Amino acid sequence: MKSKKIVQKRYLLETGSKKLSDLVNRRKFLYTVAASSMAFYVSGCRGRSADAALEVRKIIPPRLDTAYLGEKILCYRPLRRGVPNMSIVTEGNTLFAHNYGHGGSGWTLAPGCSKYVVDLVEASPKVKGMAKDAEVSVVGGGVIGLFTTYELVKRGYTNITVYADSFDRLTSHNAGGLLAPVSMSNNPKIQPLIDQVGFDAYRFYASVAQGKQEDFRSGAVIVPAYFEDRESSGLEPYVGKVMQPAKDVMLDFGNGTKRKMISYDDGIFMDTAKMMQGLHDFLGSKVKFVQKKIDKLTDISSPLVFNCTGLGSAKLMNDSDVAPVQGHLIMLRDQIPANLQSMILVYFAKGKTASGQEVKRSFYIFPKQLSGSSANDVGVIGGTFIEGGTPDTPNIEEFQILVDNAKKFYGI
Ligand SMILES: Cc1cc2nc3c(=O)[nH]c(=O)nc-3n(C[C@H](O)[C@H](O)[C@H](O)COP(=O)(O)OP(=O)(O)OC[C@H]3O[C@@H](n4cnc5c(N)ncnc54)[C@H](O)[C@@H]3O)c2cc1C
């Protein structure tokens, strides 16, 4: 697989040129709802008598005129078709632990999959008896690398170096922040493992949100998560394990437009930029951070090496199953924070971008804030799923389509 380094505006990533036909499957069913979604989206839902008994929730739409739109962000989900690589392998005297390829669910899974991979490592005979001050290297400074490092620190490892090509403005900072297993293409056989990892992650973020997590006092909040139906949320496996059942509700935007949705009232929003800062603050005095591109994992001399390089693994591992899924996001500014205390995600029909790429469009809105931004600069809208989209095909027109779709959704 051919790979090249690309630098563009807000990000730095490795990407590939392989043809991607089945990239964004997000569980089999996800986009089968698209046609009905589109019909609903166009018509809205105005006063249907059968829905009269539904709990009505008033939501004031965000300000979406140009003056209220902030930074436009283009970034890339690190998808690995079939399954994220969460495995260990011994080569010579080194144990390599892989943790990459989580697609659009890296944040949803990070605390759980990091625990899972470190468990695998600690169960290995090679590591049994290894001193806690043995040299450990983590390659990758995104959410997966930092949560893996956090897990190692919590288990008492004291000699950890985190290597990364870049620590700033990564996909991990830019991501939306909804806890839901989206944009993955998992082999159904491994779905129970992905679910289990997700439950562990949910428990972690819930403890942060409830103020019970000793190391992180902010970075996750519990807010209602609205979807069109239970199936498309991906969260049904969480119900009864870590979440309460969803409710049928009617969203009333106060302008004549109402939409029938379902709500997980114990949805979790992870404020990605803030949580990345929190991870750096926690780890800063406990591990070494070295900015360095690694060309070969075997160049690292530590007996224990964790590979958390996301899209970088396409080249580093020569892994042809790793591929980018482009996404468009727009930060909102000068909003009323009280009006942005929920999350919404709806899907539309597949289309083509101006450059001819297949695009799966959605509309989502989350209460994200960039580090250091003013209290009113809250909210992000997205977004697209573009198979094989790279910085060479930025599909810039999708930003305007996103705004137009958002306005239609709210009836403004
Ligand atoms: C538009 C969009 C919205 C998203 N929304 C959500 C969401 O709502 N919920 C959710 O759960 N997930 C979401 N995601 C997905 C999530 O952002 C990713 O799954 C996650 O950030 C991946 O983390 P990572 O650490 O694997 O990769 P990255 O953040 O890309 O980090 C990779 C790290 O590896 C380093 N690296 C790579 N190659 C090398 C090398 N050769 N040598 C040294 N270092 C190297 C990089 O410099 C970087 O530090 C979204 C993604 C996008 C694009």
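Within each chain, residue numbers correspond to sequence positions counted from 1 in written order. At least 70 in pLDDT is required for a residue's local features to be given in this predicted model, at least 80 for side-chain atom pairs to be given and counted, and no such filter applies to totals for whole chains, interfaces and linings, which use all residues.

1. Section: the overall build of the protein
What counts is decided by this rule: For the purposes of this entry, the term helix denotes a DSSP run of H or I that reaches at least four residues, the term strand denotes a run of E that reaches at least two, and both are numbered from the N terminus. Each residue is classed by its C-beta neighbour count within 10 Å, where at least 20 other C-beta atoms makes it buried, 12 or fewer makes it exposed, and intermediate counts make it partly exposed; the C-beta atoms are placed from backbone geometry. Throughout, a residue-residue contact means that the two C-beta atoms, derived from backbone geometry, are no farther apart than 7 Å.
In terms of helices and strands, the protein carries 9 helices and 19 strands. When each of the 412 residues of the protein is scored for burial, the buried share is 47%. Of all intrachain contacts in the protein linking residues separated by at least 6 positions in sequence, the fraction that spans at least 24 positions is 79%.

2. A look at the environment of Gly-254
As for its position among the elements, Gly-254 is in the loop between β11 (247-252) and β12 (258-264). Residues Gly-254 and Lys-58, spaced 196 residues apart in sequence, show a C-alpha to C-alpha distance of 6.8 Å. Non-local contacts of Gly-254, meaning those with residues more than four positions away in its chain, are made with Lys-58 and Ile-60.

3. Here's the deal with the sheet that holds strand β7 (residues 136-139)
Note the following rule: Only strands joined by at least two bridges in the DSSP assignment are considered to pair. Every axis corresponds to a line fitted to the C-alpha atoms, with the helix fit spanning only the stretch in contact, and the corresponding angles, defined between N-to-C directions, vary from 0 to 180 degrees.
Read across the open sheet, the 6 strands follow the order β5-β6-β15-β7-β8-β14; overall the sheet is mixed. One side of each edge strand has no neighbouring strand; the edge strands of this open sheet are β5 (85-91) and β14 (288-291). Each neighbouring strand pair of the sheet contributes to a mean axis angle of 20°, computed without reference to strand direction. Relative to strand β8 (residues 160-164), β7 is paired through 4 bridges, and the arrangement is parallel. Residue Val-136 lies in a different strand from β8, and its bridge partner there is Ile-160. Each of β5, β6 (94-100) and β15 (304-307) is contacted by helix α2 (residues 106-123), which is oriented at about 160° to β6, the strand it contacts most.

4. Overview of the site of the ligand
Applicable threshold: Using a C-beta atom placed from the backbone for every residue, we mark a residue as near a molecule or strand if that atom lies within 6 Å of it. Residue ranges assigned to each domain were obtained from an automatic or database domain assignment.
Looking at the ligand, there are 42 residues lining it, with Gly-106, Gly-142, Gly-310, Gly-312 and Gly-327 nearest. At the level of secondary structure, the elements contributing two or more residues to the shell around the ligand comprise β4 (69-80), α2, α3 (143-154), β8, α4 (171-174), β16 (322-332) and β19 (380-387). For the shell around the ligand, the element with the most residues is β4, which contributes 4 residues. Viewed by domain, the shell around the ligand spans two of them, domain 1 (3-79 + 225-230 + 245-269 + 323-410) and domain 2 (80-217 + 271-321), each represented by three or more residues.

5. Focus: the sheet that holds strand β10 (residues 225-227)
Strand order in the open sheet formed by 9 strands is β3-β11-β12-β10-β17-β18-β19-β16-β4, and the pairing between neighbours is mixed. Strands with a single pairing partner mark the edges of an open sheet, and in this sheet they are β3 (55-58) and β4. With strand direction ignored, the average angle separating the axes of adjacent strands in the sheet is 30°. In this structure, strand β17 (residues 343-352) lies alongside strand β18 (residues 358-366), joined through 7 bridges in antiparallel fashion.

6. Considerations on the packing of α3 against helix α7 (residues 272-283)
What counts is decided by this rule: Each crossing gets its handedness from the near helix: less than a right angle anticlockwise from the far helix is left-handed, clockwise is right-handed. Under the scheme applied, nonpolar residues are Ala, Val, Leu, Ile, Met, Phe, Trp, Tyr, Cys and Pro; charged residues are Asp, Glu, Lys and Arg; polar residues are all the others, including Gly.
Direction vectors running N to C along α3 and α7 enclose 35°, while the axes themselves pass 10 Å from each other. As α3 runs across α7, the sense of the crossing is left-handed. Between α3, through Val-143, Leu-146, Thr-149, Tyr-150 and Val-153, and α7, the contact on the second element is made entirely by Met-276, Leu-279, Phe-282 and Leu-283. Within the contact of α3 with α7, the residues separate by chemical class into 8 nonpolar, 1 polar and no charged.

7. As for α2
What counts, and what does not: The span you would expect from a helix comes to 1.5 Å times its residue count less one. Note on bend: at a given residue it equals the angle between the axes fitted to the 7 residues ending there and to the 7 starting there.
For α2, built from 18 residues, the straight-helix expectation of 26 Å at 1.5 Å per residue is met to within 8% by its first-to-last C-alpha distance of 24 Å. The largest bend in α2 comes to about 35°, at Gly-112. Extensive coverage of α2 is indicated by the burial of 13 of its 18 residues.

8. Things to note about the environment of Lys-296
Residue placement: Lys-296 occurs in the loop between β14 and β15. Owing to 7 C-beta atoms within 10 Å, Lys-296 belongs among the exposed residues under this scheme. For the pair Lys-296 and Lys-315, spaced 19 residues apart in the sequence, the C-alpha separation amounts to 9.3 Å.

9. Let's talk about the packing of α2 against α3
Threshold: Here the angle decides the label: under 35 degrees means roughly parallel, over 145 means roughly antiparallel, 65 to 115 means roughly perpendicular, and every other value means oblique.
Where α2 meets α3, the closest approach of the two axes is 8 Å, and the angle between their N-to-C directions is 40°. Comparing the axis directions of α2 and α3 gives the class oblique. Crossing of α2 over α3 shows right-handed handedness. Note on element contacts: α3 touches α2 through Val-143, Ile-144, Phe-147, Thr-148, Glu-151 and Leu-152, opposite Gly-106, Trp-107, Ala-110, Pro-111, Ser-114, Lys-115, Val-117 and Val-118. Residues that form the contact of α2 with α3 fall into these classes: 9 nonpolar, 3 polar and 2 charged.

10. Some points on helix α9 (residues 397-410)
Here is the rule: The arc in question is the one traced by the directions running from the helix axis out to the C-beta atoms.
Here α9 spans 21 Å end to end across 14 residues, near enough to the 20 Å set by a 1.5 Å rise per residue. Turning to α9, its buried residues are Glu-398, Leu-402, Ala-406, Phe-409 and Tyr-410. Each buried residue of α9 sits inside an arc of 105° when the element is viewed along its axis, so together they form one side. Set apart from the buried face of α9 by more than 90 degrees, the exposed residues are Glu-397, Gln-400 and Asp-404.

11. Some remarks on the confidence of the model for the protein
Applied cut-off: For every residue, the pLDDT score states the predictor's confidence, bounded by 0 at the bottom and 100 at the top.
Per-residue pLDDT for the protein averages 89, and the proportion of residues at 70 or more is 88%. In the model, residues 1-43 has pLDDT below 50 throughout and makes 94 contacts with residues more than four positions away in sequence or in other chains.

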